[in-house]
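Structure at a glance
What follows is the residue order along each chain.
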Amino acid sequence: MAATSPLYNQLKAAEPFFLLAGPNVIESEEHILRMAKHIKDIATKVGLPLVFKSSFDKANRTSSKSFRGPGMAEGLKILEKVKVAYDLPIVTDVHEAIQTDLLVAAAQTGKIINIKKGQFCAPSVMENSAEKIRLAGNPNVMVCERGTMFGYNDLIVDPRNFEWMREANCPVVADITHALQQPAGKKLEGGGVASGGLRELIPCIARTAVAVGVDGIFMEVHDDPLSAPVDGPTQWPLRHLEELLEELIAIARVTKGKQRFQIDLTPYRD
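The shown structure was predicted, so the numbers you read here are calculated from the model rather than taken from an experiment.

**Concerning the layout of surface pockets**
It is a probe the size of a water molecule, rolled over the atoms, that shows where empty space is left. Taken as a whole, the second largest pocket holds about 160 Å³ of empty space. Contributing to the lining of the second largest pocket are Glu163, Lys256, Gly257, Gln259, Arg260 and Phe261. Among the residues forming the lining of the second largest pocket, the class breakdown is 1 nonpolar, 2 polar and 3 charged.

As structure tokens, this is what we get:
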């Protein structure tokens, strides 16, 4: 098995947590570079390790009318410019029809793999998912909670999952914005549907996650969420990013959520 990467070790050791953040999708080179600068400035100010996030292709949209981004070739060129210009590691998403093949192929890149728990999955499956990455020779794996679908057009975050996903023996990440999507819950003018969302509850889920003691926070951030072409309802406003992160850091520093509580069941005596 290959050695863990320096970035992976840095993220694992991050206190109180690391941050994966950026706009949902690449809208333009100018926009993505501007967002990277602002988010890096904020992350540096509050003292959090940052991995910049944006998608080159939103291939997993319900509606064929949804904005998808610039595509792989152009999108990766733009993300490379962000990486070089601001000396930032990048996280982006990939899509494939056959999940196991995707995990193995991703593992074989040697990159850090952040596996999002399927909306339909129990947290226990993430132990096996992480093990697929390791068995393919890559120890650089993280698991990510993004909510569970129990009914139509809504996701529920069960804080117990953050504890149970630790059984995967790797960093646990909370996706605090996708967890508040309402998939296909918003009708579009002229037909079709898009994701709705509950932006006002992003602080609620974020506070819960850091109190439980997650290792990383994943969040989508936008300077003009109402004009975002994809997932606007669950992108956090850039103007409030620093304020929210400062609160989350304060919560994370006082919680003992990363430590298993030692429960003494011997009889209590006066």
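Now that the structure is up, let's keep going.
**Brief notes about the packing of helix α2 (residues 29–46) against helix α8 (residues 241–254)**
Where α2 contacts α8, the two axes come as close as 10 Å, and the packing angle between them is 30°. On the basis of the axis angle, α2 is roughly parallel to α8. In the crossing of α2 with α8, the sense of the turn from one axis to the other is right-handed. Between α2, through Ile39, Ile42, Lys45 and Val46, and α8, the contact on the second element is made entirely by Leu241, Glu242, Leu245, Glu246 and Ile249. Considered class by class, the residues forming the contact of α2 with α8 number 6 nonpolar, no polar and 3 charged.

**Regarding the pairing of strand β1 (residues 18–22)**
Buried residues dominate β1, accounting for 5 of its 5 residues. Here β1 shows no split at all, with Phe18, Leu20 and Gly22 on one side and Leu19 and Ala21 on the other all buried. Across 5 bridges, the pairing between β1 and strand β11 (residues 216–222) is parallel. Note that in β11 the partner of leucine 19 across the bridge is isoleucine 217. Judged from the 3 bridges that link them, β1 and strand β2 (residues 50–53) form a sheet pairing that is parallel. Paired with leucine 20 across the two strands is valine 51, which belongs to β2. Crossover handedness for the path β1 to α2 to β2: right-handed.

**Topic: the side chain of histidine 222**
By secondary structure assignment, the location of histidine 222 is in strand β11. Only 2.6 Å separates the side chain of histidine 222 from the side chain of glutamate 27, close enough to count as a polar contact.

**Some remarks on helix α3 (residues 72–86)**
The first and last C-alpha atoms of α3 sit 21 Å apart over 15 residues, in line with the 21 Å expected at 1.5 Å per residue. Burial in α3 covers these residues: Gly75, Ile78, Leu79 and Val82. The buried side chains of α3 occupy one side of the element, clustering within an arc of 95° when seen end-on. For α3, the exposed residues set more than 90 degrees away from the buried face come down to Ala73, Lys77 and Val84. Contacts made by the buried residues of α3 are with α2, β2 and β3 (90–91). Just past α3, the residue aspartate 87 takes up positive phi, approximately 50°.

**Details of the packing of aromatic side chains**
Using the criterion set out here, one finds 0 aromatic pairs in the structure. A cation over a ring is seen here: lysine 116 above phenylalanine 218, with NZ or CZ 4.0 Å from the ring centre.

**Structural notes on unusual backbone geometry**
With omega at 0°, the peptide bond leading from glutamate 15 into proline 16 counts as cis. Considering the arrangement of structural elements, one finds proline 16 in the loop between α1 (6–12) and β1. With a phi angle near 50°, aspartate 87 is a residue other than glycine that sits in the positive phi range. A relative accessible area of 64% means that aspartate 87 is categorised as exposed.

**Here's the deal with helix α5 (residues 125–135)**
Three or more residues of α5 are buried, namely Met126, Ser129, Ala130, Ile133 and Arg134. Buried positions in α5, seen along its axis, are confined to an arc of 145° and lie on one side of it. Of the residues in α5, the exposed ones pointing more than 90 degrees away from the buried face are Asn128 and Leu135.

**Remarks on the pattern of salt bridges**
The final tally for this structure, using the stated rule, is 15 salt bridges. A salt bridge links lysine 116 to aspartate 175, with the nearest nitrogen and oxygen atoms 2.6 Å apart. Here lysine 116 is found in strand β4 (residues 113–116), whereas its partner aspartate 175 is found in strand β8 (residues 172–175), with 59 residues between them in sequence. For the salt bridge of glutamate 163 with arginine 166, the shortest nitrogen-to-oxygen distance reads 3.0 Å. By relative accessible area, arginine 166 is classed as partly exposed at 23%. Taken together, the shared-partner salt bridges in this structure form one network comprising Glu15, Asp215 and Lys258.

Reading guide: rules and limits
- Positions within a chain are numbered from 1, following the residues in the order the chain's sequence is written.
- Confidence filtering applies because this is a predicted model: local features only for residues at pLDDT of at least 70, side-chain atom pairs given and counted only at 80 or more, and all residues used for totals across whole chains, interfaces and linings.
- Just so you know, side-chain values use all the structure's heavy atoms and leave hydrogens and water out.
- Grid points spaced at 1 Å over the protein atoms alone were grouped into cavities, where a 1.4 Å probe fits but cannot get out, and pockets, open sets with protein on both sides within 12 Å along at least five of seven lines, with lining residues defined by an atom within 4 Å of a point.
- Grid points are joined across faces, edges and corners, and a volume is the space filled by probe spheres set on the points.
- All residues other than Ala, Val, Leu, Ile, Met, Phe, Trp, Tyr, Cys, Pro, Asp, Glu, Lys and Arg, Gly among them, are scored as polar; the first ten of these are nonpolar and the last four charged.
- To get an axis, fit a line to the C-alpha atoms, keeping to the stretch in contact for a helix; angles then go from 0 to 180 degrees between the N-to-C directions.
- Secondary structure elements follow DSSP: runs of H or I of four or more residues count as helices, runs of E of two or more count as strands, with numbering from the N terminus.
- The scheme is simple: roughly parallel for angles under 35 degrees, roughly antiparallel for over 145, roughly perpendicular for 65 to 115, oblique for anything else.
- Each crossing is labelled by how the near helix is turned from the far one, with a counterclockwise turn of less than a right angle marking it left-handed and a clockwise turn marking it right-handed.
- In what follows, residue pairs with any heavy atoms lying within 4.5 Å of each other are defined as contacts.
- Partly exposed describes any residue whose relative accessible area lies between the buried limit of under 20% and the exposed limit of over 50%, with all areas from a 1.4 Å probe on protein chains only and scaled to the type maximum.
- Pairing between strands is defined by DSSP: at least two bridges between the two strands are required.
- By the criterion used throughout, a crossover qualifies as right-handed when its path from the first strand across the helix to the second strand runs clockwise, the strands pointing away from the viewer.
- Polar contact is defined as a pair of N or O atoms within 3.5 Å, subject to the rule that within protein one atom must be able to donate a hydrogen and the other to accept it, and that residues adjacent in sequence are counted only when both atoms are side-chain atoms.
- Here a helix's expected span is defined as the number of its residues, less one, multiplied by 1.5 Å.
- Each C-beta atom gives one direction from the helix axis, and the arc is the one those directions make.
- In this scheme Phe, Tyr and Trp rings, the latter by its six-membered ring, pair at centre separations within 6.5 Å, and the angle between planes marks the pair as stacked below 30 degrees, edge-to-face above 60, and tilted otherwise.
- Charge-over-ring placement is defined geometrically: NZ (Lys) or CZ (Arg) within 6 Å of the ring centre, and within 35 degrees of the ring normal.
- The salt bridge criterion pairs a side-chain nitrogen of Lys or Arg with a carboxyl oxygen of Asp or Glu, the two atoms within 4 Å.

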